[in-house]
Structure formats: structure tokens, C-alpha cells
Amino acid sequence: MKPPRFFWAILLAILLLPTPARAWGEYGHKTVADIAQVNVSARSRLAMQKLFKAQALLGTPACGLANIRDASIWADCIRRDRLRWGYTAPWHYQNVNICKGFDLSACRDGNCVSAQIDRNFALLKNKALPDHVRLEALAFLVHFVGDLHQPLHAGDRNDRGGNDVKADFGIIPGANLHWVWDGLLAERPISAKPDIVRLYNADERLATNGGTSEDWSREAWALSRYVAYTRALDGDPCALGSAQAPTRPVNIDEADVAASGDALRLQIQRAGLRLARLLEEALG
């Protein structure tokens, strides 16, 4: 017997309960961290271990910060304390309109993810700063590199990165496009063989880990435009104007999953190797 519709509504409500990690889901963020951990030098790993010993000084006991996997979700965890950390919310994304030319001018005040990658990299690299200050920078850097590589944290259609676009995903109705890309859509390609968490050779790293935060922003923005929104809206997402939202929930079907999988997997790989490069430059 087919379950009643209210069953799926309850299931969705449970799945959408606030959790310590949202962007890319905990699984995606930790996979980025795992790739970075494997691909940095022993010297950089030792430097991180030293910084993690300062976690108590940050005063966030509810949000562990004992290793790089903890660091990958710490920035989402602390956001639950809105009184203390609410100001960091805009640091997780940058809503660059996909229907206009790529433009990061909105990031000039520093309240966007690419600007915070640059800021926290500089803080982490400054060995004159106290360990707890550098640890906070490390945690933000690990998380934000992951965030920037999620296309809907980089591209937008006047809908808060797809948060305002209702979407049905498989048996789960009434979600939104951003939430689908943050977790459910990504988990299958990330888990696929061959294993994405491994030691990459020098040629593979050279082909993947270059560029700046602005380059990565443009790359993720293009994937948002030409993969995420194009698949969801079944065509040119700008054809009807950049501000017009779909009147009905979009349907993310198996064809969309298959067409998006390679891009999602590549973005996780890029994020992990680029994070490894930044950590090596700051700590090695």
C-alpha cells in the first residue's frame, strides 16, 4: 500500500530539522577534509594537530574541533548560536546572479565565501598570531573551501541560491533545490568508485588545485548556471527572466542525478585538493 502523503511530509520535516552541518551535508564536507588530509605533508598534519590543542580557548564545547573532519563542519555548528556567531552567516555563500555577467563586486565588504577564504588563509598563514586565532581561521578555511565548491553557494537566480525553488527529489516531495544539491544529490557520486579519497599524484594535483578563490567562484557559478539550474528548470534558466520563479516544484529525476553526478564529484575533488594546497602553503 502506498504511504499517505502526510507520511512524506513528516519524513521531510525530520530530515530538515536543524543539524550541526548543512552545506554539502556533513558527508560532503568531511570528504573534502579527508582528501586534504591525505594530500598534505606530514609537517602540515603535525602543525594542524598543534593548533587543534587550542580548541578549548575558542569556547565552543558543543562544536568539537579536535581534527580536520571536525573543522569541516564547525562553521555550520557554531551558527546555531546566533547571538554569538550569527554575523558569520553571509560568509558561507555569495549570490552572484547567473543571468548576468560574473561579478564579485558584492564581496567587497568581505561578507561572502570567497573573501572569507582569502581572509582566513592569511590569518592561518600568520605564525605570529596565537594558536587559537589560527585554529579558528583553519576551521573557517576548511569549511568555506567546501562551501564555495557547491554550485548553489556561488550562483543564484534571485532565489537565495535555490532555497526559494521548491523541488521534488525521488520519493521526497516539497524540498528545495538548494537542499537537494547540498546533500541528497551529492552523496551518490561522492561514494561511487573509484574512491575519491586517496593520495593524488603530482600531475593530478597540478591539473586540479590551481587558481584563486575568484577563479573557483567563477567555475562554481558557471556550474550553477549550466548544470544545477539548467537541469532543474529543464532548459535555459534565464530565458524567462532572472527573477521569475517556477510556479510549481521542479522535479529532480534520475536523469538529472546522472547528468549532475560528474560535476558534483569533480567539485568535491577540486575542493579537497585546493584545500590541501592552501594548508600546505599556510602550514608546511
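The preceding data block contains the structure.
Read on for a plain summary of the structure. Computed from a prediction, not measured in an experiment: that's the story for all the values here.

**Observations regarding the environment of alanine 228**
Looking at the secondary structure, you find alanine 228 in helix 11 (residues 213-232). For alanine 228, a relative accessible area of 2% puts it in the buried group. Residues alanine 228 and aspartate 256 lie 28 residues apart in sequence; the distance between their C-alpha atoms is 8.9 Å. With residues up to four places along the chain from it excluded, the contact list for alanine 228 reads Leu152, Trp181 and Leu223.

**Here we look at the state of the cysteines**
Counted by the stated rule, this structure contains three disulfides. Covalent S-S linkage joins cysteine 63 and cysteine 77, the inter-sulfur distance amounting to 2.0 Å. Across the S-S bond linking cysteine 63 and cysteine 77, the dihedral sits near -80°, which makes this disulfide left-handed. Of the two residues, cysteine 63 sits in the loop between helix 3 (42-52) and helix 4 (68-77) while cysteine 77 sits in helix 4, which places them 14 residues apart along the sequence. For the pair cysteine 63 and cysteine 77, one class covers both residues: buried. Each disulfide pairs two cysteine sulfurs, and for cysteine 99 the partner residue is cysteine 238, the sulfurs being separated by 2.0 Å. With the S-S bond torsion at -90°, the cross-link from cysteine 99 to cysteine 238 turns out left-handed.

**Re the pairing of strand 4 (residues 172-176)**
Within strand 4, four of the five residues are buried, leaving the element largely enclosed by the surrounding structure. Direction of pairing for strand 3 (residues 166-169) relative to strand 4: antiparallel, over a ladder of three bridges. Paired with lysine 166 across the bridge in strand 4 is asparagine 176.

**Some thoughts on the environment of phenylalanine 169**
Looking at the secondary structure, you find phenylalanine 169 in strand 3. The exposure class assigned to phenylalanine 169 is buried, which follows from its relative accessible area of 15%. Placed 11 residues apart in sequence, phenylalanine 169 and valine 180 show a C-alpha to C-alpha distance of 7.2 Å. Residues in contact with phenylalanine 169, not counting those within four places in the same chain, are Val180, Leu184, Leu185, Ile252 and Val257.

**Quick word on the sheet that holds strand 4**
Read across the open sheet, the three strands follow the order 4-3-5; overall the sheet is mixed. The open sheet has two edge strands with one neighbour each: strand 4 and strand 5 (250-252). Strand-to-strand twist in this sheet, taken as the mean axis angle between neighbours without regard to direction, amounts to 35°. Pairing of strand 3 with strand 5 involves three bridges; the strand directions are parallel. Counted as the bridge partner of alanine 167 is valine 250 from strand 5.

**Some words on the pattern of salt bridges**
Across all of its chains, the model carries 15 salt bridges by this definition. Glutamate 26 serves as the salt-bridge partner of lysine 30, at 2.6 Å between the closest nitrogen and oxygen. With a gap of four residues between them, lysine 30 and glutamate 26 both fall in helix 2 (residues 25-38), about one helical turn apart. Here glutamate 26 falls in the partly exposed class, since its relative accessible area comes to 36%. The shortest N-O distance in the salt bridge between glutamate 281 and arginine 277 comes to 3.2 Å. Taken together, the residues glutamate 281 and arginine 277, both in helix 12 (residues 254-283) and four residues apart, mark about one turn of the helix. Residue glutamate 281 is classed as partly exposed on the basis of its relative accessible area, which comes to 41%.

**Considering the packing of helix 7 (residues 131-148) against helix 12**
Axis separation between helix 7 and helix 12 bottoms out at 9 Å; the angle between their running directions is 155°. When the axis of helix 7 is compared with that of helix 12, the two are roughly antiparallel. Seen from above, helix 7 lies across helix 12 with right-handed handedness. Note on element contacts: helix 12 touches helix 7 through Ala271, Leu275, Leu278, Leu279, Ala282 and Leu283, opposite Arg134, Leu138, Leu141, Val142, Val145 and Gly146. For the contact of helix 7 with helix 12, the class distribution of residues is 10 nonpolar, one polar and one charged.

**Comments concerning helix 2**
Across its 14 residues, helix 2 extends 21 Å between first and last C-alpha, which sits within 8% of the 20 Å expected from 1.5 Å per residue. The buried fraction of helix 2 is high, at 10 of 14 residues.

**Side note on the packing of aromatic side chains**
One pass over the structure, following the stated rule, counts nine aromatic pairs. Consider the rings of tryptophan 85 and tyrosine 87, whose centres lie 6.4 Å apart with planes at 25°: the pair is stacked. Judged by relative accessible area, tyrosine 87 falls into the partly exposed class, the value being 47%. Among the aromatic residues, those joined into a cluster by ring pairs are Trp74, Trp85, Tyr87, Trp91, Phe140 and Phe144. Above the ring of tyrosine 200, the side-chain terminus of arginine 198 is found at 3.8 Å from the ring centroid.

About the cut-offs
- Residues numbered from 1 in each chain as written.
- Predicted model: local features only at pLDDT ≥ 70, side-chain atom pairs only at ≥ 80, totals over all residues.
- Heavy atoms only, no water.
- Helix = DSSP H or I, 4+ residues; strand = E, 2+ residues; numbered from the N terminus.
- Buried < 20%, exposed > 50% of the residue type's maximum accessible area, 1.4 Å probe, protein only.
- Contact = heavy atoms within 4.5 Å.
- Disulfide = S-S within 2.5 Å.
- Pairing = 2+ DSSP bridges.
- Axes fitted to C-alpha atoms, helices over the stretch in contact; angles between N-to-C directions.
- Salt bridge = Lys/Arg side-chain N within 4 Å of Asp/Glu carboxyl O.
- Parallel < 35°, antiparallel > 145°, perpendicular 65-115°, else oblique.
- Left-handed = near helix turned anticlockwise from the far one by under 90°.
- Nonpolar A, V, L, I, M, F, W, Y, C, P; charged D, E, K, R; others polar.
- Expected span 1.5 Å × (residues − 1).
- Phe/Tyr/Trp six-rings, centres within 6.5 Å; stacked < 30°, edge-to-face > 60°.
- Lys NZ or Arg CZ within 6 Å of the ring centre and 35° of its normal.

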